[in-house]
Amino acid sequence: MSIVDIEKIELAVGGHRNPEAGMCVMEAVAYVAREPHSDHPKCCSPIIASFLRSWNDALNADDRNRLLKPLIPILIGTSINEAVEARRAWMIIDWLIRDFTPPWLRLAKLNPSADALANAPEVNSAERVAGAMQVIIVAKKEAAAAGASARAAARAAAWAATWAAAGASAGASAGDAAWAATWAATWAAAWAAAWDAARDAAWDAAWAAVADAAAAAAGDALRPTTERLQLSAVELIMRMCAVKAA
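Residues numbered from 1 in each chain as written. Predicted model: local features only at pLDDT ≥ 70, side-chain atom pairs only at ≥ 80, totals over all residues. Heavy atoms only, no water.

What to know about the overall build of the protein chain
Regarding its fold elements, the protein chain presents 12 helices and 0 strands. In sequence order, the secondary structure elements of the protein chain are arranged as α-α-α-α-α-α-α-α-α-α-α-α. Burial statistics for the protein chain: of 246 residues in total, 50% are counted as buried. Excluding contacts between residues fewer than 6 apart, the proportion of contacts in the protein chain whose partners are at least 24 apart in sequence is 75%. Taken as a whole, the protein chain presents about 10700 Å² of accessible surface, with 56% of it coming from carbon and sulfur. (Helix = DSSP H or I, 4+ residues; strand = E, 2+ residues; numbered from the N terminus. Buried < 20%, exposed > 50% of the residue type's maximum accessible area, 1.4 Å probe, protein only. Contact = heavy atoms within 4.5 Å. Areas by Shrake-Rupley, 256 points an atom, 1.4 Å probe, with all protein chains shown as cover.)

Printed below as a string of structure tokens:
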């Protein structure tokens, strides 16, 4: 299928009976790869697919097509083995802690905590999650104390910036028997801890940053951060696609 044909695809929310009824990004991957219609194409990494199924539905139509359509060709052929999936999963945890959370903390002027997370060593083990957790917990308390207005707008911005997608990728992959070995008890616990604490810290910081803004203006105030994180998530996906078997 040519790039021109991919450009003609309009990505839609949710699952669909067949391509004629519409396609989410993963159904489009199956279509381009000439697999049977499915949002679980065999050619694609399960954890990347989980991320993208959720992010597809969290984005508005313009952002969905602008951000996700260019990824379709590079997603094909990314299903390799459990070791690669485990590496990709740690990459998501690292991104959540060192890339996703600091910008929200900076919005709330919690720069020391943001810098501590952004400059931390790569999070690729339960021990490093534990170290980052100490910073996140402090930041979460500081952000919560700073105020909690405009919560709906802040939550929507964080969601659009892929927070929900990252969390869904954990849950979906954990429930996939084919990749159960990836989810050893220690790894799963590390994910859960990082997910809960960093999510709350990010949201509280976003709320604090717009505490004095009207709800209608809050989304505009958070949009630059949202857009930067959307591009960061695209880069994360591309890096995960580039991981090869050792």
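Here the narrative resumes.
Examining the nonpolar core
Of all hydrophobic cores here, the largest spans 40 residues; its most connected members are Met 26, Ile 48, Leu 52, Trp 55, Leu 68, Leu 75 and Ile 237. With 8 residues, helix 6 (residues 82–107) is the largest single contributor of residues to this core. Look past the residues within four positions of Met 26 in its chain and what remains in contact with it is Ser 38, Asp 39, Pro 41, Cys 44, Ala 49, Leu 52, Arg 53 and Leu 75. Residues Trp 90, Ala 108, Ala 114 and Ala 132 belong to the second largest nonpolar core, which totals 14 residues. (Core = buried A, V, L, I, M, F, W, Y, C linked by side-chain atoms within 4.5 Å.)

Some thoughts on the packing of aromatic side chains
Inspection of every chain in the model, using the stated rule, returns 3 aromatic pairs. Aromatic pair Phe 51 and Trp 55: ring centres 6.0 Å apart, planes at 85°, arrangement edge-to-face. Linking Phe 51 with Trp 55, this pair stays in helix 3 (residues 46–58), spanning 4 residues, or about one helical turn. Using a relative accessible area of 0% as the deciding quantity, one classes Phe 51 as buried. Given the relative accessible area of 0%, Trp 55 is considered buried. The interplanar angle of 55° and the centroid separation of 5.5 Å between the aromatic rings of Trp 95 and Phe 100 together place this pair among those described as tilted. Trp 95 gets classed as buried once you look at its relative accessible area, which sits at 1%. Residue Phe 100 is classed as buried on the basis of its relative accessible area of 0%. Aromatic ring contacts, followed pair by pair, group Phe 51, Trp 55, Trp 95 and Phe 100 into a single cluster. (Phe/Tyr/Trp six-rings, centres within 6.5 Å; stacked < 30°, edge-to-face > 60°.)

Here's the deal with the pattern of salt bridges
Tallying each qualifying case throughout the model produces 4 salt bridges. Where Glu 85 meets Arg 88, a salt bridge forms, and the shortest distance between an N and an O atom there is 2.8 Å. With Glu 85 and Arg 88 both in helix 6, this residue pair falls 3 residues apart, about one helical turn. By relative accessible area, Glu 85 is classed as buried at 3%. The shortest N-O distance in the salt bridge between Arg 87 and Glu 122 comes to 2.9 Å. With Arg 87 in helix 6 and Glu 122 in the loop between helix 7 (111–118) and helix 8 (126–146), the pair connects residues that are 35 residues apart, well separated along the chain. Given the relative accessible area of 28%, Glu 122 is considered partly exposed. (Salt bridge = Lys/Arg side-chain N within 4 Å of Asp/Glu carboxyl O.)

Comments concerning the environment of Pro 102
Mapped onto the fold, Pro 102 is located in helix 6. Between the alpha carbons of Pro 102 and Leu 117 there is a distance of 6.5 Å; along the sequence they are 15 residues apart. In this structure, Pro 102 is in contact with Ile 97, Ala 114, Leu 117 and Ala 118, ignoring residues within four places of it in sequence.

Some details on the confidence of the model for the protein chain
Counting all residues, the mean pLDDT for the protein chain is 74, and 65% of those residues have values of 70 or more. No element of the protein chain has a lower mean pLDDT than helix 10 (residues 163–174), at 46, and none a higher one than helix 5 (residues 72–75), at 95. Low pLDDT, under 50, characterises residues 148–154; the predicted model gives this stretch 16 contacts beyond four residues in sequence or across chains. (pLDDT = per-residue confidence, 0-100.)

As for unusual backbone geometry
If you check the backbone angles, Arg 34 has positive phi at about 60° while not being a glycine. Along the chain, Arg 34 falls in the loop between helix 2 (25–32) and helix 3.

Some remarks on the environment of Ile 93
For Ile 93, the position within the fold is in helix 6. Along the chain, Ile 93 and Val 123 lie 30 residues apart, while their C-alpha atoms are 7.0 Å from each other.

Description of helix 6
Look at helix 6: 37 Å from first C-alpha to last across 26 residues, which is about the 38 Å you get at 1.5 Å a residue. Its maximal kink placed at Thr 101, helix 6 deviates by approximately 40°, while the proline Pro 102 follows within four residues. Of the residues flanking the start of helix 6, the one acting as N-cap is Asn 81, its side-chain oxygen 3.2 Å from the backbone nitrogen of Ala 83. Phi for Lys 109, located one or two positions after helix 6, is positive at around 65°. (Expected span 1.5 Å × (residues − 1). Bend = angle between axes of the 7 residues up to and from the residue. Polar contact = N/O pair within 3.5 Å; in protein donor to acceptor, adjacent residues only side chain to side chain.)

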